[in-house]
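Given next are the chains, with one letter for each unit.
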Amino acid sequence: MTLASGHLGSLGMAAMNQPTPVSEAFQPHLSVSGLTVRRGERLLFAELTFTLEPGGVLLLRGPNGVGKSTLLLTLAGIVHAEAGTLAGLERTELHLLNYQSGLKGRLTVSENLKFWQAMNGANGLAVEAALDAVGIGGLGGLEAGYLSSGQLRRLSLARLLVSERPVWLLDEPSAALDAEGETLLGRLLDAHRRRGGIAVVATHHDLLLGDKAGVETLILGGAA
Amino acid sequence: MSAFRALIGRDLKLAFRAGGEALTLVLFFVMVAVIVPFAIGPDRPQLTRLAPGIVWIAAFLSMLLGLDRLFRNDDEDGSLTLLRHADLPLEAVVAAKVIAHWLVTALPLLLATPVLALLLSMSWAQWGQTVLALTIGTPALVSFGALGAAVTVGLRRGGLIAPVLILPLSIPIMIFGVGMMDPLAGGGATLFLIALSLVVTAFSPFAAALALRVAGE
């Protein structure tokens, strides 16, 4: 319960206003061993091995085109690995956030969020509370097509909050976010980790995490 | 189950808000029936005789036209990738999308058939047969279409490839659909059409989901 109350506190007062279903802290163990992925003829990475304990964060670094996004897609089960084993990555246990938002411009902000909540399971924050938590609280009735790219990114982050899942796979999550948005992202990740969640993050920016313990960095390309 | 309904609801909402596209298909459907009498002459008995075939050709062509949007929009904005992680299996996602697509593209055609009946001087009995045949046959058309759309979703300009791909597969639907409206034929064509429709509708979500998984790579 201490974990859960810590989570609510970090998301701000918005979440406190209404009784929000709080799940038990989860205990994911992500383990990847001997992962080899090939795209066409090109070998992207070979024999990649890492494990993540609950609360762990793995930062993926490396130049453009080195395979960070492909690694995330492999972890997400979209791209098949040539060799290696993945454990702890159930299809319905993970959230993927990448440059494609999956949001419809002709639906309103809350309709978009309600849809993903229905698809992924309504075991997280309520729609309004999640919108407040990512700082676009007043925009629920607006068509998503009118949002700026930073606001769209915030809406995508809200998708991770309405359905609680232990593993977050984030591809450049701070793209298009302003300074305040980056702080928000750090806070959301901190809250996710306090509940025992795991995150794999491909990023060129430094994440503003409160607690650096358990954060590992994997540099792809050359120095791996 | 609520996820299944939510997906159908979203697709219907999007179709209503985009509006024009579904309406274009209906207009196309009616247009084909409008130009045929000009092409073959105003011979009423002949028109009546040809009416079942004309209706099926018109329905067939407008269904093919609408096919491309079944998965393409969801592929382009990333929904299709994210739906792979939904609580629903991908097969159920495809099934929901097929149902929504039928409601958006086939149902309006059924509603527009009275206009065609008038233009092609069909009798009421013939019109009833037409509606029945289309009701049974269009789910199969949409299901074959889902297969074609799933296979071509990865192709950037695959708009016309899907129809070409599924055309040969859909010919039996056409044969039995028209056969069903022939007053001289027995109930055989009807049974064949029902069987075909049931089998295709049952299997296509699995085949299309497989194609989508491969396309996602």
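Residues numbered from 1 in each chain as written. Chains lettered and ligands numbered in written order. Predicted model: local features only at pLDDT ≥ 70, side-chain atom pairs only at ≥ 80, totals over all residues. Heavy atoms only, no water.

*Asks:* Give me the overall build of chain B: which residues, what numbers.
*Replies:* Within chain B, the regular secondary structure consists of 9 helices and 0 strands. Ordering the α and β elements of chain B from the N terminus gives α-α-α-α-α-α-α-α-α. For chain B, whose C-alpha radius of gyration is 18 Å, the value lies close to the compact-globule estimate of 17 Å for 217 residues. Oriented by its inertia axes, the alpha-carbon framework of chain B measures out at about 55 × 35 × 30 Å. Long-range contacts, defined here as pairs at least 24 residues apart, represent 81% of the contacts in chain B between residues at least 6 apart. Looking at chain B as shown, the accessible area adds up to about 9,900 Å², and 76% of this sits on carbon and sulfur atoms. (Helix = DSSP H or I, 4+ residues; strand = E, 2+ residues; numbered from the N terminus. Rg over C-alpha atoms; globule rule 2.2 N^0.38 Å. Contact = heavy atoms within 4.5 Å. Areas by Shrake-Rupley, 256 points an atom, 1.4 Å probe, with all protein chains shown as cover.)

*Asks:* Could you give me a rundown of the pairing of strand β5 (residues 94–97) of chain A, with the residues and numbers involved?
*Replies:* The two faces of a sheet get side chains in turn, since along a regular strand they alternate between them. Residues and elements named next belong to chain A. Residues L94 and L96 point to one face of β5 and H95 and L97 to the other, with burial holding for every one of them. Taken together, the 4 bridges between β5 and strand β6 (residues 167–171) define a ladder with parallel strand orientation. Bridging across to β6, L94 finds its partner in V167. (Buried < 20%, exposed > 50% of the residue type's maximum accessible area, 1.4 Å probe, protein only. Pairing = 2+ DSSP bridges.)

*Asks:* So what's going on with the sheet that holds strand β1 (residues 30–39) of chain A? Which residues, and what values?
*Replies:* Neighbouring strands of a sheet are bound in pairs by backbone hydrogen bonds; such pairs are parallel or else antiparallel. Residue and element names in this part refer to chain A. One open sheet accounts for 3 strands, arranged β2-β1-β4; its pairing is antiparallel. A single partner strand is all that each edge strand has here, and the edge strands are β2 (42–52) and β4 (83–87). Shown here is a sheet whose adjacent strand axes are inclined to one another by a mean of 20°, direction ignored. Both β1 and β4 contribute to a ladder of 4 bridges, which runs antiparallel. What sits directly across from T36, in β4, is A83. (Axes fitted to C-alpha atoms, helices over the stretch in contact; angles between N-to-C directions.)

*Asks:* Describe empty space enclosed by the protein, naming the residues involved and giving the relevant values.
*Replies:* If a probe the size of a water molecule is rolled over the atoms, the empty space left behind becomes visible. Per the stated rule, a full pass over the model turns up 4 cavities of 30 Å³ or more. Size it by volume and the largest cavity reaches roughly 50 Å³. Across the lining of the largest cavity, the residue classes tally to 5 nonpolar, 3 polar and 3 charged. (1 Å grid on protein atoms, 1.4 Å probe; cavity = no way out; pocket = protein on both sides within 12 Å on 5 of 7 lines; lining within 4 Å. Points joined across faces, edges and corners; volume = space filled by probe spheres on them. Nonpolar A, V, L, I, M, F, W, Y, C, P; charged D, E, K, R; others polar.)

*Asks:* Quick one: what's the story with the sheet that holds strand β7 (residues 198–202) of chain A, residue by residue and with numbers?
*Replies:* Residue and element names in this part refer to chain A. The parallel open sheet is built from 5 strands, whose spatial order is β5-β6-β7-β3-β8. Each having just a single partner strand, β5 and β8 (215–219) make up the two edges of the open sheet. Taken pair by pair, the neighbouring strands of this sheet meet at an average axis angle of 15°, ignoring direction. The strands touched by helix α2 (residues 68–75) within the sheet are β3 (57–61), β5, β6, β7 and β8, with β6 carrying the most contacts at an inclination of about 155°.

*Asks:* Could you give an account of the packing of helix α2 (residues 20–40) of chain B against helix α3 (residues 44–66) of chain B, with specific residues and numbers?
*Replies:* Residue and element names in this part refer to chain B. Here α2 crosses α3 at 145°, and the two axes come no closer than 9 Å. Relative to α3, α2 is oriented so that their crossing is right-handed. Together, L25, F28, F29, V32, A33, V36, P37 and I40 of α2 and Q46, L47, L50, I54, V55, A58, A59, L61, S62, L65 and G66 of α3 make up the contact between the two elements. Of the residues in the contact of α2 with α3, the class split is 16 nonpolar, 3 polar and no charged. (Left-handed = near helix turned anticlockwise from the far one by under 90°.)

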